[in-house]
Amino acid sequence: LICFSFLFLTSDAAVAGLVINEFLPDPHGADAGQEFVELLNTGPGSLNLEGVAFQFANGSVGPEWVTRWVCTTGVWLDQGERFLLVDRNWMGNQSGDAEVWLGLQNGPDAIRLLAGGEVLDLVGYGSLTDLDMMEGGPVDVSVGLSLMRKPDGRDTDENHLDFTSGEPTPGEVNFHNHEIEVVSVAMDPSSLAEPGVSVLLEVTLRNTGLLNLPPGQAHLLLHSSNGETTPLLETFFAGCSFGEICLLVMEMTPPAAGRFSILLQLEVADFELSLEVNLGKFQVGCAGVFLSEILASPASHQGEWIEIQAGGETINTGNLRIRDEESDWRYLPDVELQPGQFLLVAQDSAALENWHLNNLSQGLVLDCPLSQIQQSMRQLSGSWPSLNNSPPESRPYADRVYLADEDGVVDQVTLLAEHEGTDFQGKSWERMSHDPHSFRWRSWRPSVAVSGGTPGCSNSVAQEGVAGGVLEILPPVLDAAMGESIIHIRFLLVPGEVGWHVEIYDLWGAIVRDLGGGAPGSGPGDLIWDGRDDHGHMVENGGYVVLLLKSKTDGVFAPSAKQLVVVR
């Protein structure tokens, strides 16, 4: 700004529209170099700052004002223009107009503007009680947030009504006419083991702008780490009134694996208005680290435990967190895991060691030595997230375990309820593969180890590949309520077998679905069935027979294997 001196414009009236519009008294970390005070000319007309003083008073002392800055030459501000006072060694991105030592402290304190012996503006903050140090009531201070007028320049002589807390905007508009912020985002499920599965999003938005947000269109997009943006869906947005909280419910189906940012765009064509907010990260497929095995229903004096495994890269677990459906996040101990290595966190590490020794004393032959368990075992900081074995009334499953990094959930597993006639006590849930590229990686099964689990070691149900002539159905029960909305039909063509065909029959011998066939030559096959018949309708609950036919070089198809699948 260019400074001039005009004696005929230094009267009090010339600066009557000047207010403290925003200030940051308590930045994150050290205050030095981060504090700022933004002045605003609310009008009418231009004004000259010459002779204007900025003062500070310590609330613990009283209204003893200390001058921090005085404008000694004429600085002109047009109506709506800002003047930014910044602390010495200013570290902000916005350039300051004057760099001085501010020393605002964190409250109870006060600041004011003075010109010709008259107070132009006064703001008290923190737990201030002295009425001479504030207008009306004081403003509450929040760490890292500015105290800002809403809207810009609003001055009713009531500090606690004129100011609100918000992200710092030094030298810029505090609040726009149309602005939206994300209050919360709920995703069910919070991550996916594979693409092509629907995810329910519930987004809570708050209208932080100065005007009502009219109805329009909501667009949901996925933004990948390589910069590609994929449109997912478009739906109607009912609008959001000034200051109100609004709910937007959508269903998305990610088409590919990867780590994505979910972007929400709100567009109102009549107003040429477009707002965009980031809803956070979403993981589809393996993120390099995943849940491998969980014991939620331990035998007596055994204790619960959770096993995490690194995939194809080295992982530092210190920034990873776990929780179950009803507990808070807990950070994992900081361990460097090489690809394929396990981290085992236990509710009671001593009880887990004694469980292993007790198995040995009973003559059980264990594939996993105690030293390997001890090497992978660490203590979880804080209280243990006790895992449920039976569902509450609010949900159909017993519990869920979530694994997250700093950007959000990277893996989750649903723990099913114990059904009548089954006994999961002392048996862990194991991932069927340690290879994220295997279809078995997506499936979990109760442990078949003689000890009931394989903590810190390879899973007992982990088998890579299908033997020739074998037809496998995974999972064997298609139950959408339990999270199993598709089944995989896997088989292997050995040398000499060149074609295949798969059909699904009901128990009375009637064909309900022809999944087709092919002639790819020898190798594995993997088909997906979603429980629908040839007309696209969901089949009734009950048992169905999957029939695999194969052909050799003569081209004649013959039944090769059949398996039962249950739909419920």
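What counts, and at which threshold
Residues numbered from 1 in each chain as written. Predicted model: local features only at pLDDT ≥ 70, side-chain atom pairs only at ≥ 80, totals over all residues. Heavy atoms only, no water. Helix = DSSP H or I, 4+ residues; strand = E, 2+ residues; numbered from the N terminus. Rg over C-alpha atoms; globule rule 2.2 N^0.38 Å. Buried < 20%, exposed > 50% of the residue type's maximum accessible area, 1.4 Å probe, protein only. Contact = heavy atoms within 4.5 Å. Areas by Shrake-Rupley, 256 points an atom, 1.4 Å probe, with all protein chains shown as cover. Core = buried A, V, L, I, M, F, W, Y, C linked by side-chain atoms within 4.5 Å. Pairing = 2+ DSSP bridges. Phe/Tyr/Trp six-rings, centres within 6.5 Å; stacked < 30°, edge-to-face > 60°. Lys NZ or Arg CZ within 6 Å of the ring centre and 35° of its normal. Disulfide = S-S within 2.5 Å. Expected span 1.5 Å × (residues − 1). Polar contact = N/O pair within 3.5 Å; in protein donor to acceptor, adjacent residues only side chain to side chain.

Participant: Help me understand the overall build of the chain in this model?
Facilitator: Within the chain one finds 3 helices and 39 strands. Radius of gyration (C-alpha) of the chain: 33 Å, far over the 24 Å computed for a compact globule of 568 residues. Along the first, second and third principal axes, the C-alpha set of the chain runs to 105 × 60 × 40 Å. Among the 568 residues that make up the chain, the fraction classed as buried is 48%. Intrachain contacts of the chain at a sequence separation of at least 6 include 61% that bridge at least 24 residues. Counting only carbon and sulfur atoms, one obtains 50% of the accessible surface of the chain, whose full area is about 26,400 Å².

Participant: In this structure, what is going on with the nonpolar core? I would like to understand it.
Facilitator: One recurring pattern in soluble globular proteins: nonpolar side chains tend to sit buried together. Core analysis: the biggest nonpolar cluster contains 29 residues, and Phe23, Leu49, Phe54 and Trp69 have the highest contact counts within it. When residues of this core are traced back to their parent elements, those giving at least two are strand E1 (18-23), strand E2 (36-41), strand E4 (53-58), strand E7 (82-87), strand E8 (98-100), strand E9 (109-115) and strand E10 (118-125). The residues contacting leucine 49, other than those within four sequence positions of it, are Leu18, Trp69, Cys71, Val75, Leu77 and Phe83. Among the nonpolar cores identified, the runner-up in size contains 28 residues, and Met187, Val199, Leu220 and Leu248 belong to it.

Participant: Before we go on, may I ask you to explain the pairing of E2 in this structure?
Facilitator: Where a strand is regular, its side chains alternate between the two sheet faces. Burial runs high along E2: 6 of the 6 residues are buried. Side-chain alternation along E2 places Phe36, Glu38 and Leu40 on one buried face and Val37, Leu39 and Asn41 on a second face that is also buried. With 5 bridges joining them, E1 and E2 adopt antiparallel strand pairing. Across the sheet, valine 19 pairs through a bridge with leucine 40, a residue of E2.

Participant: What is the right way to read the packing of aromatic side chains from this model?
Facilitator: For any pair of aromatic rings, geometry is given as the distance between the ring centres together with the angle between the planes. In this structure the tally under the stated criterion is 7 aromatic pairs. Relative to tyrosine 125, the ring of phenylalanine 23 has its centre 5.1 Å away and its plane inclined at 55°; by these criteria the two rings are tilted. Of the two residues, phenylalanine 23 sits in strand E1 while tyrosine 125 sits in strand E10, which places them 102 residues apart along the sequence. Tyrosine 125 matches phenylalanine 23 in its accessibility class, with the two residues each being buried. Pairing tryptophan 529 with tyrosine 544 gives two aromatic rings, centres 6.2 Å apart and planes at 70°, and the pair type is edge-to-face. Pair noted here: tryptophan 529 is in strand E37 (residues 523-529) and tyrosine 544 is in strand E38 (residues 542-552), with a separation of 15 residues, a long-range link. A residue is classified by how much of its surface remains accessible, and tyrosine 544, at 7% relative accessible area, is buried. Taken together through their ring pairs, the aromatic side chains of Phe23, Tyr125 and Phe163 make up a single cluster. We note arginine 323 situated over the ring of tyrosine 402; from NZ or CZ to the ring centre the distance is 4.5 Å.

Participant: Teacher, can you tell me more about the state of the cysteines here?
Facilitator: Note on terminology: a disulfide is the covalent bond linking the sulfur atoms of two cysteines. All chains considered together, the criterion is met by 1 disulfide. Note that cysteine 240 is cross-linked by a disulfide to cysteine 246, the S-S spacing being 2.1 Å. Residues cysteine 240 and cysteine 246 are joined through a disulfide that is right-handed, its torsion about the S-S bond being 95°. Of all cysteine sulfurs in the structure, the one in cysteine 457 sits closest to cysteine 286, which takes part in no disulfide; the separation is 20 Å.

Participant: Please explain helix H2 (residues 349-361) as it appears in this structure.
Facilitator: Each turn of an α-helix holds 3.6 residues, which means side chains three or four residues apart point in the same direction. Relative to the 18 Å expected for 13 residues at 1.5 Å per residue, H2 spans 19 Å between its end C-alpha atoms, a close match to the ideal helical length. Close packing links the buried residues of H2 with strand E21 (305-310), strand E26 (342-346), helix H3 (370-376) and strand E27 (377-379). Near the N-terminus of H2, the side chain that reaches the backbone nitrogen of alanine 350, with its oxygen 3.2 Å away, is that of aspartate 348. One or two steps after H2, the chain reaches glycine 363, where phi turns positive at roughly 85°.

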